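Here is how the chains run, residue by residue.
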Amino acid sequence: MDDLGRIVVVAAGFALWKGGRCIAAARWADIRRLRAYRPAGETTDAVRLGVDLADSTVMEFHEAAPGFDLFLDRASATLPGLLTFASWHPALLLAPPGGEGTVIFERQPLKRR
């Protein structure tokens, strides 16, 4: 099995560690979109979370990675409008792998006055 990494969550943001090294880190304010999906060819029910950041990079979190639940818990308190786990996870497990998935959060652009 691939190294799923470990998601480290702090008050200001989060990081993905693999092989004992931090490979990516961001602040909560850097998140532009969260998309939950099941990749094509996946042989388990494991869900992935694509974290689209303001600088156009994408971090990918695996549901089985340590820290995944803590990330979603903190995100629910930090990202207004984040869909609840119960509202998207069961339906995603019933959908075939390789689909578009579900956008569970999308930051709205600031309105100018």
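Residues numbered from 1 in each chain as written. Predicted model: local features only at pLDDT ≥ 70, side-chain atom pairs only at ≥ 80, totals over all residues. Heavy atoms only, no water.

> Can you break down the pairing of strand S2 (residues 13-18) residue by residue, with the values?
Remark: a regular strand shows side chains that alternate across the two faces of the sheet. Here four bridges tie strand S1 (residues 6-9) to S2, and the two strands are oriented antiparallel to one another. Opposite Arg6, over in S2, you have Trp17 as the bridge partner. Both S2 and strand S3 (residues 21-27) contribute to a ladder of six bridges, which runs antiparallel. Bridge pairing links Ala15 to Ala25 in S3. The hairpin turn running from S2 into S3, its antiparallel successor, is two residues long, and Gly19 in that turn takes a positive phi close to 60°. (Pairing = 2+ DSSP bridges. Helix = DSSP H or I, 4+ residues; strand = E, 2+ residues; numbered from the N terminus.)

> Can you tell me about the pattern of salt bridges, naming the residues and giving the values?
Inspection of the entire model under this criterion finds three salt bridges. The salt bridge partner of Asp52 is Arg33, with a shortest N-O separation of 3.1 Å. Here Asp52, found in strand S5 (residues 48-53), pairs with Arg33, found in strand S4 (residues 31-37); they are 19 residues apart in sequence, far enough to count as distant. Judged by its relative accessible area of 25%, Arg33 falls in the partly exposed class. Residues Arg48 and Glu60 are paired through a salt bridge, measuring 3.3 Å at the closest nitrogen-oxygen approach. In this pair, Arg48 sits in strand S5 while Glu60 sits in strand S6 (residues 58-62), placing the two residues 12 residues apart along the sequence. By relative accessible area, which is 37% here, Glu60 ends up partly exposed. (Salt bridge = Lys/Arg side-chain N within 4 Å of Asp/Glu carboxyl O. Buried < 20%, exposed > 50% of the residue type's maximum accessible area, 1.4 Å probe, protein only.)

> Tell me what's going on with the sheet that holds S5, and back it up with residues and numbers.
Whenever strands of a sheet pair, they do so through backbone hydrogen bonds, lying parallel or antiparallel. Strand order across the open sheet formed by four strands is S6-S5-S4-S7, with antiparallel pairing between neighbours. At either margin of the open sheet sits one strand with a lone partner, and together these are S6 and strand S7 (102-106). For this sheet, the mean angle separating the axes of adjacent strands, direction not counted, is 20°. Both S4 and S7 contribute to a ladder of four bridges, which runs antiparallel. Bridge pairing in S7 links Leu34 to Phe105. Taken strand by strand, helix H1 (residues 68-78) contacts S4, S5, S6 and S7, and its axis lies near 50° from that of S5. (Axes fitted to C-alpha atoms, helices over the stretch in contact; angles between N-to-C directions. Contact = heavy atoms within 4.5 Å.)

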